[in-house]
Amino acid sequence: MGTREERHKVHQDLVPLAALISRELKNEKMEKPTVKYGCAAQCKRGEDYFLMNTECQRIPGNPSSAFSVFGIFDGHNGNAAAIYSRENLLNHILSSIPRGLGRDEWLQALPRALVAGFVKTDKEFQSRGMNIIFPSLHLKSFILSFLKRTHAFSVILLHVTGLTSGTTATFVIVDGWTVTVACVGDSRCILDTQGVSISELTVDHRLEENEEERQRVRASGGAIGRLSICAGTEVGPLRCWPGGLCLSRSIGDMDVGEFIVPIPHVKQVKLSNKGGRLILASDGIWDALPSEMAANSCRGLPAELASRQVVKEALRKRGLKDDTTCIVIDIIPPDINRQPLPTPKKLSMLQALFFRKRSHDSARRLARKLSAVSIVEELFEEGSAMLAERLGSNDSNNQTTFGIFICAVCQADLASNEGISVHAGSMFSTSSNPWQGPFLCGDCQSKKDAMEGKRPSGIRVA
Ligand SMILES: [Zn+2]
């Protein structure tokens, strides 16, 4: 060990570092970034819908608990599912979060609440459709038992009533520096961290491009193939049958197999204090522009102009072949007025490594310390289609879990002898105790079985 003076110097060096980190954490808590956004759309079929709200409040009446939500719903076979999701998804997500949580616990609860909210929206949309067709409960039960045996007839009936519609749903929640994205379908969301990296926060659920999803659909009893025209010639993208949908996950779609699930891929990241830009768009954009090209095409423009520029660039490349919607969201540090984003730089290996993979506690602490150098901290990512895996287990020490006496999906009250553990009978259970919560009501348990291929596919009945 060196002289007393040297040891004293080392000691002096350590104190400012600790103070610096503590100051940064304090600043983080005090200063929130500004969120600016813009949206542009070109309509071809009238089935794209979007949602933008920067005035949501975690604690009603408390402006300091404000957060922003953005969503794109790209409908198919009509617009009913897209409109229903736009109107109801946010409420269903928020009602799945236990009350009285602090901000950190609230953010931790979001991934599971997003899963519950998506499944509840899908289930209620289908249930609502059935109620429109069969307002009488007795008539409904009688006809449902008939429909289960006659798939072709029920599909025709649903088509006639306009209830075969389905939708993609990509939902973004921005709370301070933390961005949480959930999606089913192929409306992609990318993150551009000001020239450091461009990364995708969503996974495209297209059968053509997603081998993992093809395996899941086949394992659940679905058939996958292309449209066959005369002389056996196959055309178009891979689709699943029955139904013929090219997506493997969606909300709605009552005429397809139950293996087309509404369980979203969820990713949560924390931006560095340099902020970043999110580009959220329907496939009308992504079929024309790769992610990098979309990000580069609007660099340096404010959000409103940037969204228009991305749509313009997509139309220039491919023409108006589909509904084309783009939302650009800028998350801007509080200490700067919006400066145009720098022109794209080529990534160095070192910079590429700065986009951290799934973090553990130590990595999380390190990433916090390094947030001043443009590191995006990955807090959570999960894409499994198994509800048992996604809802996890109730742990009495964890405040973010669901209540014991309510259904973890639809929040219906459960009698003490009524709830069925989400882990019961599941080979994918993450719990060693199949009697452990969270619990589901009978209806939601039935839906879970169907999504896992344990009920004959065909018409979805709620
Ligand atoms: Zn339920």
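Residues numbered from 1 in each chain as written. Predicted model: local features only at pLDDT ≥ 70, side-chain atom pairs only at ≥ 80, totals over all residues.

For the protein chain, the name recorded in an unreviewed UniProt entry is Protein phosphatase, with Lithospermum erythrorhizon as its organism.

Trainee: Hey, could you go over the overall build of the protein chain for me, with residue numbers and the actual values?
Mentor: Regarding its fold elements, the protein chain presents 13 helices and 17 strands. The buried share among the 462 residues of the protein chain stands at 43%. Long-range contacts, defined as pairs at least 24 residues apart, comprise 68% of the intrachain contacts of the protein chain with a sequence gap of at least 6. (Helix = DSSP H or I, 4+ residues; strand = E, 2+ residues; numbered from the N terminus. Buried ≥ 20, exposed ≤ 12 C-beta atoms within 10 Å, placed from the backbone. Contact = placed C-beta atoms within 7 Å.)

Trainee: Requested: an account of the sheet that holds strand E8 (residues 198-200), with residues and values cited.
Mentor: On the basis of which strands lie adjacent, the open sheet formed by five strands has the order E1-E14-E13-E7-E8 and antiparallel pairing. Of all strands in the sheet, those with a lone pairing partner are strand E1 (34-42) and E8, marking the two edges. Neighbour to neighbour, the strand axes of the sheet diverge by 15° on average, direction disregarded. As judged from the six bridges shared by strand E13 (residues 276-281) and strand E14 (residues 324-332), these two strands associate in the antiparallel manner. Across the sheet, Ile-279 pairs through a bridge with Val-328, a residue of E14. Relative to E1, helix H9 (residues 303-318) is tilted by about 30°, and along the sheet it contacts E1, E13 and E14. (Pairing = 2+ DSSP bridges. Axes fitted to C-alpha atoms, helices over the stretch in contact; angles between N-to-C directions.)

Trainee: Residue-level account of unusual backbone geometry, with values.
Mentor: Backbone torsion omega between Trp-241 and Pro-242 reads 5°, so that peptide bond is classified as cis. You can see Pro-242 is positioned in the loop between strand E10 (234-241) and strand E11 (251-252). Its identity is not glycine, yet Asn-77 carries a phi of approximately 55°, on the positive side. Within the secondary structure, Asn-77 is located in the loop between strand E3 (66-76) and helix H2 (80-94).

Trainee: Tell me about the environment of Glu-124, residues and numbers included.
Mentor: Within the secondary structure, Glu-124 sits in helix H3 (residues 103-133). The spacing of Glu-124 and Tyr-84 is 40 residues in sequence and 9.4 Å in space, taken between C-alpha atoms.

Trainee: I'd like a rundown of helix H6 (residues 211-219), residues and numbers included.
Mentor: What H6 keeps buried is the set Glu-213, Arg-216 and Val-217. Across the axial projection of H6, the buried residues extend over an arc of 95°, all falling on one side. Among the exposed residues of H6, those pointing more than 90 degrees away from its buried face are Glu-211, Gln-215 and Ala-219. Buried positions along H6 lie against strand E9 (223-228) and E10. (Arc of directions from axis to C-beta.)

Trainee: Describe the confidence of the model for the protein chain, with residues and values.
Mentor: Per-residue pLDDT for the protein chain has a mean of 80; in total, 71% of the residues score no lower than 70. Considering only residues more than four positions removed or in separate chains, one finds that residues 340-373, a stretch of pLDDT under 50, has 48 contacts. Counting contacts from residues 427-431, a segment whose pLDDT is below 50, to residues more than four positions away or on other chains yields 13 contacts. (pLDDT = per-residue confidence, 0-100.)

Trainee: Describe in detail the pairing of E14, supporting the description with residues and values.
Mentor: The element E14 is largely enclosed, with a buried count of eight among its nine residues. Pairing analysis gives nine bridges linking E1 to E14, with the strands arranged antiparallel. Paired with Lys-36 across the two strands is Asp-330, which belongs to E14.

Trainee: Can you break down the nonpolar core residue by residue, with the values?
Mentor: Val-172, Ile-279, Leu-280, Val-310, Ile-327, Val-328 and Ile-329 are the most contacted members of the largest nonpolar core, which has 95 residues in total. When residues of this core are assigned to their parent elements, the largest contribution, nine residues, is made by H3. Setting aside chain neighbours within four positions, we find Val-328 in contact with Tyr-37, Gly-38, Arg-277, Ile-279, Cys-298, Ala-303, Ala-306, Ser-307 and Val-310. (Core = buried A, V, L, I, M, F, W, Y, C linked by C-beta atoms within 7 Å.)

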